[in-house]
Every structure is written in structure tokens, then in C-alpha cells.
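Below, each chain spelled out in residue letters.
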Amino acid sequence: MTEALSRDRVVHAALESLQEYGLDGLSMRGLAERLDVKAASLYWHVRDRGELIGMLAGAVLAEPRLPRATDDWAADVLAVCQAVGRSVGA
């Protein structure tokens with residue numbers, strides 16, 4: 001039995017596509033193929049690519065454990081960027 005399509009499943013598959021192909025290679029049609037569904041089924045859960053990008057941004061920014069702030073703002077910014085990079089597999 002195939003797992004039911006959900007927004008969480010869509011985001012997970014989109015993150016995998018993002019890691020493999022980059023943002024330019026992420027398409028709704030390709031994502032539907034990855035999920036083994038018809039594009040119409042995908043559009044039931046996600047309005048368009050813009051909404052998908054917003055969902056991805058939310059998932060990426062929610063996942064990393066952000067470091068504690070220090071007195072060195074440049075090191076703090078670098079640590080945050082590294083945490084976000086790890087969450088997307090960069």
C-alpha cells in the first residue's frame with residue numbers, strides 16, 4: 001500500500017529534490033513524479049511552486065539547532081549559516 005500524500009510527505013520529497021538538483025531543478029512535475037502521483041494530486045496539497053518554496057523555507061529554518069549567541073556577531077552569523085546548511089545537506 002502506498003503512503004497517503006500529505007503536505008509533510010511533499011515537503012520531505014521536495015527537500016530531497018532540492019538536495020539533488022538545486023532550486024532551479026525543483027519543479028512541480030518532477031516532484032509529482034518523485035512522489036509517484038499525478039500533478040493534479042500534488043496541486044491538491046500545494047497551490048503552486050511559490051507556496052512549495054515557502055513550505056521548504058519553513059522546514060529548513062525550523063530544523064536547525066541554532067547556536068547560542070556570543071559576543072562575536074560574525075562567528076554567530078557563520079554558525080547560523082552552517083546550521084542551516086547542514087539542515088539542507090549542503
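Note that the structure is predicted; figures quoted are calculated from it, not measured. (Residues numbered from 1 in each chain as written. Predicted model: local features only at pLDDT ≥ 70, side-chain atom pairs only at ≥ 80, totals over all residues. Heavy atoms only, no water.)

(A) Region of interest: helix H1 (residues 7-21). The end-to-end C-alpha separation of H1 is 20 Å, in line with the 21 Å expected for 15 residues at 1.5 Å each. Where H1 is concerned, the buried positions are Arg-9, Val-10, Val-11, Ala-13, Ala-14, Leu-15 and Ser-17. Tucked into the core, H1 has its buried residues touching helix H2 (28-35), helix H3 (39-45) and helix H4 (49-62). At the exit of H1 stands Gly-22, carrying a positive phi of roughly 80°. (Helix = DSSP H or I, 4+ residues; strand = E, 2+ residues; numbered from the N terminus. Expected span 1.5 Å × (residues − 1). Buried < 20%, exposed > 50% of the residue type's maximum accessible area, 1.4 Å probe, protein only. Contact = heavy atoms within 4.5 Å.)

(B) Geometry of H4. In this model, H4 (14 residues) spans 20 Å end to end at C-alpha, consistent with the 20 Å of a helix rising 1.5 Å per residue. Residues of H4 that are buried: Glu-51, Leu-52, Met-55, Leu-56 and Val-60. Backbone nitrogen of Gly-50 and a side-chain oxygen of the N-cap are separated by 3.2 Å at the start of H4; the cap is Asp-48. (Polar contact = N/O pair within 3.5 Å; in protein donor to acceptor, adjacent residues only side chain to side chain.)

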